[in-house]
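What follows is each chain in one-letter form.
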Amino acid sequence: MYRKPPVNQLTFDEYVEDFILPFGGKLRSDNRWVMLAQQIPWAVVDTAYAQQFSQEDLGSPAKSSRLALGALILKERLGVTDRELVKQIAENPYLQYFLGLTTYQDEAPFHHSLLTLFRKRFTHESLEEINEAIARLIVDVQPTTALVDTKETDEPAPPNGQLLIDATCVPADITYPTDLKLLNAAREKTEEMIDHMHACRTTPAKKPRTYRQKARQAYLRVAKARKPGRRKLRKGCGQQLRYLRRNLSAIARMAEDGLLVALPRQHYRQLLVIQELYRQQLWMYRQRCHRIADRIVSISQPHVRPIVRGKAGTPVEFGAKIAVSVVEGVSFVDRISWNAYNESVDLVQQIEAYRRRFGHDPASVHVDQIYRTRENRRYCQSKGIRLSGPPLGRPRRVSEATAEQVKQAHQQAQDDATARMAVEGKFGQGKRRFGLGRLMAKLALTSATMIHISFLVMNLEHLLTRALCSWLGVWWQGWKRTWNGVLSLWWLQIQPMVRDNRVSRLEIREARIPQCLGEV
């Protein structure tokens, strides 16, 4: 059940004044958390959040949408753990104001375990709706490419604006997986399951042998070797496979006695993953290969897949592959996939998403080489969209007649490469500052939520920057108009005397301009 909070009739400035501090004083309206709270469309957040609950008045009411989303935003912006976030909220009145509280309290407003529920309650569609609402605010601050409603018009608008597209991998928080390491971890977990199931026996029986000490020594002989060869690695994997097969057979025999129900839910889930892991590793061991479909690289996070990127230092990354589009500094997450795929297939959908958001096609699409397929070129050409990059075929031969055209083409390619650097900068900002460098969430659903939250926080930072730049621009224009008026009035006073030669240059230099400022 969710009870929609009453609409606050006070303005944010009045709300800051009414925030009660037991030790006296008041909150500053220019604080960063106060300014950030004013930029978030909380009405849109509440509407999207309320759709996750039933309309029946059953059960205890859930936490407010501002508290739920605000806690996730604080976690990403502060870069802390769930437990540390709860402690900082209990100590900082500005953080409590950001979460929608009206009075400072020295206790945390929620338990740290609720953050997992908050991540599950915000879906991809709800976060996309909130992100587009923030994009509308950015356009209102500095209108360059106006957003429109999703209603279709009779006459399509001409192409306008730039669309930057790229894909990247968000690494998950797992150890680097090797076949030997995975098999050893699976063997140790099955030994724990056997111990737990044997302890739950009601009748005395002999405990199945696991040979855990010998298995551990066999693993360390290979793992601690500086440069183990292929034969030694294969022998070590074969030994761990046989130990793991023995443990799984023992668990199957104990399951026939009805002891499988004694396993906790987490252990039962791990048992299913280990059985599939054993099947994959046994097949690769027999086939003498290291590639299989839907390969498991983590027992705790079986949804994680290897993503081959081919970059220096990290040729393979383990995490989610995301497709991102950037328009005027605003980022949109268009796709999140845990399986590797060719990102060029997303270009048409991303252009259609651009048309849905802004009401027209982009004038140019800036991508890297993998997107420039023949199908994508034909699609962009049919829509009148310029796709960045050199055309197909051999380079044009330079001559006197084509020298100027070749020069313009080289300059256009350089400008396109410079414009595409913005999307690479977004990836760097997210991975260095906002937790995309190592995704700490454990579930696939909560991991996708944290990816969306990271880009949402980056858009909020962009909104604050644009609001500040807009205010500075207005201040500069006002200052320039004021001093232009002062100088004009001063010159009108001095000009007749200069024309009649009644004053000297020294007297003009010593003329008091501040007197004119008071008249203006």
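Given the structure is predicted, the values throughout are model-derived calculations rather than measurements. (Residues numbered from 1 in each chain as written. Predicted model: local features only at pLDDT ≥ 70, side-chain atom pairs only at ≥ 80, totals over all residues. Heavy atoms only, no water.)

A look at the packing of helix α9 (residues 179–199) against helix α10 (residues 212–223)
Relative placement of two packed helices is described by the angle separating their axes and the distance separating the axes. The contact between α9 and α10 brings their axes to 11 Å, and the two run at 165°. The angle between the axes of α9 and α10 places the two elements in the roughly antiparallel class. Of the two possible hands of crossing, α9 and α10 adopt the one that is left-handed. Facing α9, whose interface residues are L180, K181, N184, R187, E188, E191 and D195, α10 presents R212, A215, R216, Y219, V222 and A223. (Axes fitted to C-alpha atoms, helices over the stretch in contact; angles between N-to-C directions. Helix = DSSP H or I, 4+ residues; strand = E, 2+ residues; numbered from the N terminus. Parallel < 35°, antiparallel > 145°, perpendicular 65-115°, else oblique. Left-handed = near helix turned anticlockwise from the far one by under 90°. Contact = heavy atoms within 4.5 Å.)

Considering the nonpolar core
Residues I73, F98, F110, F122, L347, V365 and F455 are the most contacted members of the largest nonpolar core, which totals 85 residues. Setting aside chain neighbours within four positions, we find L347 in contact with I165, V365, V367, Y371, N376, C380 and L387. Counting residues in hydrophobic clusters, the runner-up holds 26 residues, among them M197, V222, L244 and L277. (Core = buried A, V, L, I, M, F, W, Y, C linked by side-chain atoms within 4.5 Å. Buried < 20%, exposed > 50% of the residue type's maximum accessible area, 1.4 Å probe, protein only.)

What to know about a positive patch on the surface
Together, K206, R209, K214, R246 and R253 make up a positively charged patch on the protein surface. Here K206 shows up in the loop between α9 and α10. Taking the relative accessible area as the measure of exposure, K206 reaches 73% and is therefore exposed. (Patch = residues over 30% accessible without salt bridge, like charges linked within 9 Å, V, L, I, M, F, W, Y side chains within 5 Å. Areas by Shrake-Rupley, 256 points an atom, 1.4 Å probe, with all protein chains shown as cover. Salt bridge = Lys/Arg side-chain N within 4 Å of Asp/Glu carboxyl O. Lys, Arg positive; Asp, Glu negative; His and termini not counted. Charge placed at Lys NZ, Arg CZ, Asp CG, Glu CD.)

Some words on the environment of I451
Structurally, I451 can be placed in helix α16 (residues 444–499). I451 sits in the buried class, given a relative accessible area of 0%. Considered as a pair, I451 and I322 are 129 residues apart in the sequence and their alpha carbons are 8.9 Å apart. Leave out the neighbours within four places in its chain, and I451 touches V170, A320, I322, I336, L436 and L439.

Regarding the packing of α9 against helix α12 (residues 265–287)
Where α9 contacts α12, the axes come no closer than 10 Å and their chain directions differ by 140°. One finds that α9 runs oblique with respect to α12. With respect to the hand of their crossing, α9 and α12 are arranged in left-handed fashion. Residue-level inspection shows D179, L182, L183, A186, K189, T190, E192 and M193 of α9 in contact with α12, the latter providing H267, Q270, L271, I274, L277, Q281 and M284.

A short note on the environment of T168
Residue placement: T168 occurs in strand β1 (residues 162–171). Taking the C-alpha atoms as reference points, T168 and K321, 153 residues apart in sequence, are found 5.8 Å from one another. T168 has contacts with R309, A320, K321, I322, F427 and K431, leaving out every residue within four places of it along the chain. In this structure the side chain of T168 is engaged in a polar contact, spanning 3.0 Å, whose partner is the side chain of K431. (Polar contact = N/O pair within 3.5 Å; in protein donor to acceptor, adjacent residues only side chain to side chain.)

A short note on the environment of I307
Note on placement: I307 falls in strand β2 (residues 305–308). Judged by its relative accessible area of 1%, I307 falls in the buried class. For I307 and W338, which are 31 residues apart along the polypeptide, the C-alpha to C-alpha distance reads 8.5 Å. Beyond its immediate stretch of four places on either side in the chain, I307 contacts C169, P315, V316, E317, G319, K321, W338, N339 and A340.

Details of the side chain of R66
Within the element layout of this structure, R66 appears in helix α4 (residues 65–78). The side chain of R66 is buried and forms no salt bridge, while D46, the nearest opposite charge, is found at 10 Å. Within the local environment of R66, its side chain forms a polar contact with the backbone oxygen of Y97, the two atoms lying 3.0 Å apart.

Some thoughts on the pattern of salt bridges
Inspection of the entire model under this criterion finds 26 salt bridges. Ionic pairing is found between D334 and R357, a salt bridge with its closest N-O pair at 3.3 Å. Here D334, found in strand β4 (residues 330–337), pairs with R357, found in helix α13 (residues 347–358); they are 23 residues apart in sequence, far enough to count as distant. Residue class for D334 comes out partly exposed when judged on its relative accessible area of 23%. D346 is paired through a salt bridge with R335; the nearest N and O atoms lie 2.9 Å apart. Of the two residues, D346 sits in the loop between β4 and α13 while R335 sits in strand β4, which places them eleven residues apart along the sequence. One continuous salt-bridge network, built from bridges that share partners, spans E128, E132, D334, R356 and R357.

A look at the pairing of β2
Every second residue of β2 is oriented toward a common face, the buried set being R305 and I307 and the non-buried set P306 and V308. Of the pairings in the sheet, the one linking β2 to strand β3 (residues 316–327) comprises four bridges and is antiparallel in character. Residue P306 lies in a different strand from β3, and its bridge partner there is F318. (Pairing = 2+ DSSP bridges.)

Looking at the pairing of β4
The pairing of β3 with β4 spans seven bridges and is classified as antiparallel. Residue pairing across strands places I322 opposite I336, the latter belonging to β4. Counted between consecutive antiparallel strands, the loop separating β3 from β4 contains two residues, among which E328 sits at a positive phi close to 55°.

With respect to the side chain of N459
Looking at where N459 falls in the secondary structure, it is placed in helix α16. A polar atom in the side chain of N459 sits 2.5 Å from the side chain of N131. Non-local contacts of N459, meaning those with residues more than four positions away in its chain, are made with N131, I134, I138, G329, V330 and S331.

Considerations on unusual backbone geometry
Trans is the common state for peptide bonds, and a negative phi is the common state for residues other than glycine. Although it is not a glycine, R288 adopts a positive phi angle of roughly 55°. Within the secondary structure layout, R288 lies in the loop between α12 and β2. Given the relative accessible area of 62%, R288 is considered exposed.

Focus on α9
Compared with an ideal rise of 1.5 Å per residue, which puts 21 residues at 30 Å, α9 spans 31 Å between its outermost C-alpha atoms and is within 8% of the ideal. Among the residues of α9, D179, L180, L182, L183, N184, A186, R187, T190, E191, M193, I194 and M197 are the ones counted as buried. Contact partners of the buried residues in α9: α10, α11 (230–256) and α12. (Expected span 1.5 Å × (residues − 1).)

Section: the packing of aromatic side chains
Inspection of the entire model under this criterion finds seven aromatic pairs. Note on Y49 and F53: the rings are 5.2 Å apart at their centroids and 65° apart in plane angle, and the pair reads as edge-to-face. Assigned by exposure class, Y49 and F53 land together as buried. Cluster of aromatic residues (ring-pair linked, three or more members): W33, W42 and F98. Residue placement shows R77 over the ring face of W33; its charged tip is 5.1 Å from the ring centre. The ring of Y341 has R335 lying over it, and the distance from NZ or CZ to the ring centre is 3.8 Å. (Phe/Tyr/Trp six-rings, centres within 6.5 Å; stacked < 30°, edge-to-face > 60°. Lys NZ or Arg CZ within 6 Å of the ring centre and 35° of its normal.)

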